[in-house]
Amino acid sequence: VEEVFDEYIANEIPIRLIHISKDDQGPNFKLVDRTFVKKHFESVPGEIYKELRNERLVDREGRIRERLKETLKYAIFSHRWLFSEPSYQDMSTEPMRVRAELEPKWKKLQEFCRKAKDDHDCEFAWSDTCCIDKTRSAELDESIRSMFRWYRNSHICIAHLSETANLAALERQKKGEKGDGAKVDVWFTRGWTLQELLAPSQIKFYGTDWKPLVPLYHSKNDRISDTIMRKISKITHIPPEDLKSFKPGTDRVPQKMLWASERRTTRIEDVAYCLIGIFDVSLMVAYGEGNRAFFRLMEEIIKRYDKWDVFLW
């Protein structure tokens, strides 16, 4: 159990997380590393051992990993980046509660952490804005290549649709159409949010004012809500069955590429990097190579997909 515990923390959870706690001054949010997480959950291996030691399991290691995922919970954030976002360096210098009083850009991150704790009982959270030290190329590389797995292993993905007030507003959005359809929320137009929509096993959508689009008393997981999944399927053209349970891989390449074809990324290379997890391929991260990143992605896909329709999107 201890070996699987150590391996899980080293490989299956993010390099850093935000620890959400309370003290005399109120909520407190601070960056912590995997060593902190291991120490925080040090009693878990013993508890799992006592629970499973008398069970006859065919896949003992798989069962231990399931229990670890259930116990080592963290919320993960999906959102549209603003012009200015808190960085790792910002987060490392002052507590978030102090910054949030001074700078509006911190309020979104603070709201995410509050929803993670209050709505989903997660003591840990992850946001790409501040949990990655982007000055370290090795860390940035690992983070991009692990992103899909980190979203999949999360307890809940909190998706903030900043331009969608409620479920009715979501209903009026029609991607790629003119006329009666309301402008589609920018969250549905970005490259990285495609994998953030598909990867997590559980996802919860919040609107402009941070109220859930589907009330929490209906469900804490919008993945199982036909009401909202049908609306999102119409906007994204992704079949409802994929929205409810997506399996990554190099099958159905034209269909998956079609989902991504109308999305944009700020960095040209991210057009390829944001699809690594969706196609389950390995790709070296090299910012500065421009469109060559996408050519390399297609090379990796073609190695595993030999059908004639590979470019039929």
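Residues numbered from 1 in each chain as written. Predicted model: local features only at pLDDT ≥ 70, side-chain atom pairs only at ≥ 80, totals over all residues. Heavy atoms only, no water.

- An unreviewed UniProt entry annotates the protein as Heterokaryon incompatibility domain-containing protein of Suillus subaureus.

1. Remarks on the overall build of the protein
Part 1 of the argument: Secondary structure summary: the protein contains 16 helices and six strands in total.
Part 2 of the argument: For a compact globule of 313 residues, the expected C-alpha radius of gyration is about 20 Å, and the protein comes in at 20 Å, within 12% of that figure.
Part 3 of the argument: Expressed as lengths along the three principal axes of its C-alpha atoms, the size of the protein is roughly 55 × 50 × 40 Å.
Part 4 of the argument: Looking at the 313 residues of the protein, the share that counts as buried comes to 54%.
Part 5 of the argument: Taking the contacts inside the protein whose residues are at least 6 apart along the sequence as the reference set, 64% of them involve residues at least 24 apart.
Part 6 of the argument: Counting only carbon and sulfur atoms, one obtains 50% of the accessible surface of the protein, whose full area is about 16,000 Å².
Part 7 of the argument: A distance of 2 Å separates the average location of the 54 positive side-chain charges in the protein from that of its 52 negative side-chain charges. (Helix = DSSP H or I, 4+ residues; strand = E, 2+ residues; numbered from the N terminus. Rg over C-alpha atoms; globule rule 2.2 N^0.38 Å. Buried < 20%, exposed > 50% of the residue type's maximum accessible area, 1.4 Å probe, protein only. Contact = heavy atoms within 4.5 Å. Areas by Shrake-Rupley, 256 points an atom, 1.4 Å probe, with all protein chains shown as cover. Lys, Arg positive; Asp, Glu negative; His and termini not counted. Charge placed at Lys NZ, Arg CZ, Asp CG, Glu CD.)

2. Remarks on helix α8 (residues 137–153)
Part 1 of the argument: Along its 17 residues, α8 runs 24 Å from first to last C-alpha, staying within 8% of the 24 Å computed at 1.5 Å per residue.
Part 2 of the argument: Its axis deflected by about 55 degrees at Ser-146, α8 carries its strongest bend there.
Part 3 of the argument: For α8, the set of buried residues is Glu-139, Leu-140, Ser-143, Ile-144, Ser-146, Met-147, Phe-148, Trp-150, Tyr-151 and Asn-153. (Expected span 1.5 Å × (residues − 1). Bend = angle between axes of the 7 residues up to and from the residue.)

3. Description of unusual backbone geometry
Part 1 of the argument: Phi angles above zero are rare outside glycine, and Arg-252 is one such case at about 50 degrees.
Part 2 of the argument: With a phi angle near 55 degrees, Asp-280 is a residue other than glycine that sits in the positive phi range.
Part 3 of the argument: The topology assignment puts Asp-280 in the loop between α15 (276–279) and α16 (292–304).

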